[in-house]
Number of protein chains: 2
Amino acid sequence: MPRGKYGVSEAVIRRLPKYYRYLKEMEKAEIQRVSSKELSQRMGLTASQIRQDFNCFGGFGQQGYGYNVTELRQEIKKILGLYRNYNVIIVGAGNLGQALANYSNFEKEGFFIKALFDINPRLIGMSIRGIEVLDIDQMEEFVKKEPIDIGVISTPKAKAQEVADLMIKCGIKSIWNFAPIDVEVPPDVVVENVHLSDSLYTLAFKMNNGS
Amino acid sequence: MPRGKYGVSEAVIRRLPKYYRYLKEMEKAEIQRVSSKELSQRMGLTASQIRQDFNCFGGFGQQGYGYNVTELRQEIKKILGLYRNYNVIIVGAGNLGQALANYSNFEKEGFFIKALFDINPRLIGMSIRGIEVLDIDQMEEFVKKEPIDIGVISTPKAKAQEVADLMIKCGIKSIWNFAPIDVEVPPDVVVENVHLSDSLYTLAFKMNNGS
DNA sequence: TAGATTGTTAATCGATTAACAATC
DNA sequence: TAGATTGTTAATCGATTAACAATC
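Residues numbered from 1 in each chain as written. Chains lettered and ligands numbered in written order. Predicted model: local features only at pLDDT ≥ 70, side-chain atom pairs only at ≥ 80, totals over all residues. Heavy atoms only, no water.

A few points about the interface of chain A and chain B
Reasoning step 1: Counting residues at the interface gives 65 residues for chain A, matched by 66 residues for chain B.
Reasoning step 2: Carbon and sulfur atoms make up 63% of the area that chain A and chain B hide from each other, which totals about 5,500 Å².
Reasoning step 3: Across the chain A-chain B interface, the total number found is 10 salt bridges.
Reasoning step 4: Inspection of the chain A/chain B interface yields 20 residue pairs in polar contact (both at pLDDT 80 or more).
Reasoning step 5: Looking at the side of chain A that touches chain B residue by residue, the class counts come to 34 nonpolar, 14 polar and 17 charged. (Contact = heavy atoms within 4.5 Å. Buried area = accessible area lost by both parts, 1.4 Å probe. Salt bridge = Lys/Arg side-chain N within 4 Å of Asp/Glu carboxyl O. Polar contact = N/O pair within 3.5 Å; in protein donor to acceptor, adjacent residues only side chain to side chain. Nonpolar A, V, L, I, M, F, W, Y, C, P; charged D, E, K, R; others polar.)

See the structure below:
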């Protein structure tokens, strides 16, 4: 398994957005410095783990002082790759696809939804926050004109693999998959799954097991 | 950290719904038996891990044969707690809340959405698949009449903690949280987070790091 | 300077993988 | 019976935690 620029484990990667979230909050609250100890208490981690995590990327702190909140937030923003913009399309303009298109917070971090696609004639032609719903047949042409970084799959399960294949054919290298199936992709394509049912079943398990 | 009936790690818990998903597919494809080896190939795990996972719960296989697909699926269904029904309410009837209410698949596994709640007068009175959107002020009364197992938070971040507090006050012990914040709850309450932005940022990180 | 807190190395813990006897 | 595959124990690997010298 190749591990790009930063040789970093999945566990660390998953914590990065959480650090980013907490640091944004602290910045908003005008907190200027933070120690690994204080951050650990806020986030429910250990101070050791936090320092280990940051040192995967080179250490942004200062002995005796801690971390500058703004600086640390910016570093993590950089690591996550949020200092550039991403063009996004959503395939599947049903309720979930529309909900995602309506969620304007993604834009604030540079994720711009350029179009939705569907096969349903009733949806095609619609517009959500000014984003058009187009026929899936137009997708290939659309992506040729406007390079797309991320493809979102919000179709039913039965169509998900087909949609993934089409995205890959169009040269899209990153897929955010909401369909309850693990789509198969070539090794240069990244997939991030949001399996809502899996999450709900996990909750069911935990509530029956008091953990 | 107390670990209910089954003393099982988070990593194992997270794999259970995935097993369930694959086994359902195989059952649909009328596959009757499966070995840990074959399942490992389908799922991208190791056979060892699969056998270890199942043996957390007591081993459902037979030497020389493998596992009966239907039986195994049923066992996992039992472990997950999907042989009972769950009453669910959704607080926040915006796009995401509506999308969740519209997603009829949850019902098939026994999760019944009993009502949505909101503060927006424009949404109150609406009906989604026959599920009413009520005023949040009616929630406490509603939950008294109809016991609710799971509360879904699909409000903006700013309201999430308040909503969680209200749910807890109403006796709800399980929260499925879609707001981009970690709500604080007493130790007997279970929270499962779906942090969409975290997931998206993870994807951004990975696409910039070729992992 | 003295106190605080990092960056980093070492120790521990837990999860995954390997191996194999048991047995269908 | 012979072959296959589990359940389970042991070995390995990786991630988390602890400890502490470096240094602000």
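Side note on the sheet that holds strand E6 (residues 131-135) of chain B
Reasoning step 1: What the seven strands build is an open sheet, ordered E5-E6-E4-E3-E7-E8-E9 (chain B); its pairing is mixed. Taken across any chain shown, the strands that pair with only one partner, and hence form the sheet edges, are strand E5 (127-128) and strand E9 (190-193) of chain B.
Reasoning step 2: Pairing of strand E7 (residues 150-153) of chain B with strand E8 (residues 174-177) of chain B involves four bridges; the strand directions are parallel. Pairing of isoleucine 150 of chain B across the sheet is with serine 174 of chain B, part of E8 of chain B.
Reasoning step 3: Set on the sheet, helix H9 (residues 196-207) of chain A makes contact with strand E3 (86-91), strand E4 (111-118), E7, E8 and E9 of chain B; between it and E9 of chain B the angle comes to about 165°. (Pairing = 2+ DSSP bridges. Helix = DSSP H or I, 4+ residues; strand = E, 2+ residues; numbered from the N terminus. Axes fitted to C-alpha atoms, helices over the stretch in contact; angles between N-to-C directions.)

Considering the protein's contact with DNA strand D
Reasoning step 1: Lining the immediate surroundings of DNA strand D are 26 residues, of which Ser48, Gln52 and Gln62 of chain A together with Ser36 and Gly61 of chain B lie closest.
Reasoning step 2: Counting only the atoms of DNA strand D that lie within 4 Å of the protein, the sugar and phosphate share comes to 58%.
Reasoning step 3: Arginine 15 of chain A has a polar side-chain atom sitting 3.1 Å from a phosphate oxygen of DNA strand D.
Reasoning step 4: At the level of elements, helix H1 (10-28) and helix H3 (47-55) of chain A together with helix H3 (47-55) of chain B are the ones that each hand at least two residues to the surface near DNA strand D.
Reasoning step 5: The dominant element in the surface near DNA strand D, judged by the number of residues it contributes, is H3 of chain A, at four residues.
Reasoning step 6: Residues that form the surface near DNA strand D fall into these classes: four nonpolar, 18 polar and four charged. (Near = heavy atom within 4 Å.)

Looking at the environment of lysine 18 of chain B
Reasoning step 1: With respect to the helices and strands, lysine 18 of chain B occurs in helix H1 (residues 10-28).
Reasoning step 2: A relative accessible area of 21% places lysine 18 of chain B in the partly exposed class.
Reasoning step 3: Separated by 173 residues in the primary sequence, lysine 18 of chain B and valine 191 of chain B have C-alpha atoms spaced 20 Å apart.
Reasoning step 4: Discounting chain neighbours no more than four positions away, the residues touching lysine 18 of chain B are Asp182 and Asp198 of chain A together with Met43 of chain B. (Buried < 20%, exposed > 50% of the residue type's maximum accessible area, 1.4 Å probe, protein only.)

Examining the pattern of salt bridges
All names here are of chain B.
Reasoning step 1: Counted under the stated rule, the structure contains 36 salt bridges over all chains.
Reasoning step 2: Across the pair lysine 114 and glutamate 146 runs a salt bridge, and its minimum N-O distance is 3.8 Å. Of the two residues, lysine 114 sits in strand E4 while glutamate 146 sits in the loop between helix H7 (139-145) and E7, which places them 32 residues apart along the sequence.
Reasoning step 3: Here glutamate 146 falls in the partly exposed class, since its relative accessible area comes to 29%.

Section: the protein's contact with DNA strand C
Reasoning step 1: The full set close to DNA strand C counts 26 residues, and Ser36 and Gly61 of chain A together with Ser48, Gln52 and Gln62 of chain B are the nearest of them.
Reasoning step 2: Of all atoms in DNA strand C that approach within 4 Å of the protein, 58% are sugar or phosphate atoms.
Reasoning step 3: Between DNA strand C and arginine 51 of chain B, the relevant distance is 3.1 Å, taken from a base nitrogen to a side-chain nitrogen or oxygen of the residue.
Reasoning step 4: The separation between a base oxygen of DNA strand C and a polar side-chain atom of glutamine 52 of chain B is 2.5 Å.

Digging into the packing of H1 of chain A against H3 of chain A
All names here are of chain A.
Reasoning step 1: With their axes 11 Å apart at the nearest point, H1 and H3 run at an angle of 100° to one another. As summarised for this structure, H1 and H3 are arranged roughly perpendicular, according to the angle between their axes. Residues Val12, Arg15 and Tyr19 of H1 touch H3, and the partners they reach there are Gln49, Ile50, Asp53 and Phe54.
Reasoning step 2: Per-class residue counts for the contact of H1 with H3 are four nonpolar, one polar and two charged. (Parallel < 35°, antiparallel > 145°, perpendicular 65-115°, else oblique.)

Some words on the domain arrangement of chain A
By a widespread convention, an interface's size corresponds to the accessible area lost as its parts come together.
Reasoning step 1: Assigned domains of chain A: these are domain 1 (10-79) and domain 2 (86-198).
Reasoning step 2: The straight-line distance from the C-alpha centre of domain 1 of chain A to that of domain 2 of chain A is 32 Å. (Domains from an automatic or database assignment.)

Overview of the sheet that holds strand E7 (residues 150-153) of chain A
Reasoning step 1: Strand order across the open sheet formed by seven strands is E5-E6-E4-E3-E7-E8-E9 (chain A), with mixed pairing between neighbours. Taken across any chain shown, the strands that pair with only one partner, and hence form the sheet edges, are strand E5 (127-128) and strand E9 (190-193) of chain A.

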